[in-house]
Amino acid sequence: MIQKTSFSHFSDYLFINLMNTLKMQNHNPIDLLTEKENATQWLTLMEENGLLTASQIEQIKQAPIQLDDLRQFRDECRDHFASNKSHDSFIHLLTNATKAAPLSFLLEKKNLTPLPSKGGTQGLLAIMAFQVLQFEGAGLLNKVKACENDDCLAFFIDQKGKRKWCSMEVCGNRKKAKKHYYTKTKTSKNT
Ligand SMILES: [Zn+2]
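Since the structure is predicted, the reported quantities are computational estimates derived from the model, not experimental observations.

How do you make sense of the overall build of the protein when you look at a structure like this?
Check the secondary structure of the protein and you find 7 helices and 6 strands. Going from the N terminus to the C terminus, the protein shows its helices and strands as α-β-β-α-α-α-α-β-β-α-β-β-α. Across the 191 residues in the protein, those meeting the buried criterion constitute 41%. A separation of at least 24 residues holds for 60% of the contacts in the protein among residues at least 6 apart in sequence. Carbon and sulfur atoms provide 52% of the accessible area of the protein, an area that totals close to 11300 Å².

Right, dumping it as structure tokens:
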């Protein structure tokens, strides 16, 4: 079993997990998708957690994963959600990805599973783009947020519209401790 910790900020959403394959470690950005086996491990982790089905994995494995293409899609998603600027070009990116490997659908365990017509990166990106487009259709894309800790690269889904940090335990507490420290030093200077 692959450890969730090697890919941090585990989410129930495939595209969030892809975006979070870039993370901060000791103040340095680390890319978790640099080796071929990283993509294989990531896919296995998604399957183990039910975010990709066995039939989807089987189809994806019909062709190799091109890390450059996967990273490019990831970075374009990250840029979009970090800045929220060009909505149209983002939708264009997603629809192009679904066109590159058109989807058919399987009914598996009462769930509708999108199955791409091609394997490899194109197949994986089509599944992911479809998920993001479904999000857009449900008006949920504005719930995707970047963590407000400057020293964190994580994205998360802010269901209630109030969350600032990827995790209260990690970034929230760190930020609060910092604020507390500054308030304390300021107060002690004044007295
Ligand atoms: Zn964070």
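This is not the end of the story, as more comes after the structure.
Looking at this model, I keep getting lost on the coordination of the zinc ion. Mind explaining?
The expected angle between donors at a tetrahedral four-coordinate metal is 109.5 degrees. At an octahedral six-coordinate metal it is 90 or 180 degrees. Within the protein, Cys147 (SG), Cys152 (SG), Cys166 (SG) and Cys171 (SG) serve as the donor atoms for the zinc ion, at 2.3 Å. Its 4 donor atoms give the zinc ion angles of 104 to 117° at the centre, a pattern that matches the tetrahedral case. Ordering the donors of the zinc ion by residue number gives the pattern C-x4-C-x13-C-x4-C. Taken together, the residues span a long stretch of sequence, with Cys147 in the loop between β5 (144–146) and β6 (155–157) and Cys166 in the loop between β6 and α7 (168–190) at a distance of 19 residues. Of the two residues examined, Cys147 and Cys166, each falls in the buried class.

Is there a simple way to think about the nonpolar core in this case?
Phe15, Trp42, Leu52, Phe73, Phe81, Leu124 and Met128 are the most contacted members of the largest nonpolar core, which has 39 residues in total. Elements with a minimum of two residues in this core: α1 (14–19), α2 (36–48), α3 (54–60), α4 (67–83), α5 (87–100), α6 (120–137) and β6. Counting residues per element, this core draws most heavily on α6, at 7 residues. If sequence neighbours within four positions are ignored, Phe73 has contacts with Leu18, Leu93, Leu94, Ala97, Leu125, Met128 and Ala129.

Just checking my understanding: could you explain the side chain of Arg71 for this structure?
Looking at where Arg71 falls in the secondary structure, it is placed in helix α4. Residue class for Arg71 comes out buried when judged on its relative accessible area of 19%. For Arg71, the residues in contact, after removing those within four places along its chain, are Asp31, Leu33 and Thr34.

What's the story with the packing of aromatic side chains in this structure? I'm lost.
How two aromatic rings sit relative to each other is given by the distance of their centres and the angle of their planes. On inspection of all chains with the given rule, the structure shows 6 aromatic pairs. Relative to Phe90, the ring of Phe81 has its centre 5.3 Å away and its plane inclined at 75°; by these criteria the two rings are edge-to-face. An aromatic cluster is defined as three or more aromatic residues linked by ring pairs; in this entry it consists of Tyr13, Phe15, Phe81, Phe90 and Phe135.

Just checking my understanding: could you explain the pattern of salt bridges for this structure?
Side chains bearing opposite charge may pair, as long as their charged atoms lie close to each other. A full pass over the atoms with the stated rule returns 4 salt bridges. Put simply, Arg71 and Asp68 hold a salt bridge, and the shortest N to O gap is 2.7 Å. Highlighted residues: Arg71 and Asp68, both in helix α4, separated by 3 residues, approximately one helical turn. Among the salt bridges present, the one from Arg74 reaches Asp75, with a minimum N-O distance of 2.9 Å. The exposure class assigned to Arg74 is buried, which follows from its relative accessible area of 1%. Given the relative accessible area of 29%, Asp75 is considered partly exposed. Salt bridges sharing common partners tie together Asp31, Arg74 and Asp75.

Where do I start with a nonpolar patch on the surface in this structure?
On the surface, Phe105, Leu107 and Leu112 cluster together to form a nonpolar patch covering roughly 350 Å² of accessible area. Mapped onto the fold, Leu107 is located in strand β3 (residues 103–108).

Quick question: what am I supposed to make of unusual backbone geometry here?
With the exception of glycine, the majority of residues adopt a negative phi angle, and the majority of peptide bonds are in the trans configuration. The phi torsion at Asn26 lies on the positive side, around 50°, for a residue other than glycine. Structurally, Asn26 can be placed in the loop between β1 (22–25) and β2 (28–31). For Lys109, which is not glycine, the phi torsion reads 45° and is therefore positive. Position of Lys109 relative to the elements: it lies in the loop between β3 and β4 (111–116). A relative accessible area of 80% means that Lys109 is categorised as exposed.

Basis of the calculations
Residues numbered from 1 in each chain as written. Predicted model: local features only at pLDDT ≥ 70, side-chain atom pairs only at ≥ 80, totals over all residues. Heavy atoms only, no water. Helix = DSSP H or I, 4+ residues; strand = E, 2+ residues; numbered from the N terminus. Buried < 20%, exposed > 50% of the residue type's maximum accessible area, 1.4 Å probe, protein only. Contact = heavy atoms within 4.5 Å. Areas by Shrake-Rupley, 256 points an atom, 1.4 Å probe, with all protein chains shown as cover. Donors = N, O, S within 2.8 Å, 3.2 Å for Na, K, Ca; no water. Tetrahedral: all angles 85-135°; square planar, octahedral: opposite > 155°, others 65-115°. Core = buried A, V, L, I, M, F, W, Y, C linked by side-chain atoms within 4.5 Å. Phe/Tyr/Trp six-rings, centres within 6.5 Å; stacked < 30°, edge-to-face > 60°. Salt bridge = Lys/Arg side-chain N within 4 Å of Asp/Glu carboxyl O. Patch = residues over 30% accessible without salt bridge, like charges linked within 9 Å, V, L, I, M, F, W, Y side chains within 5 Å.

Just distances and angles here, no functional claims.
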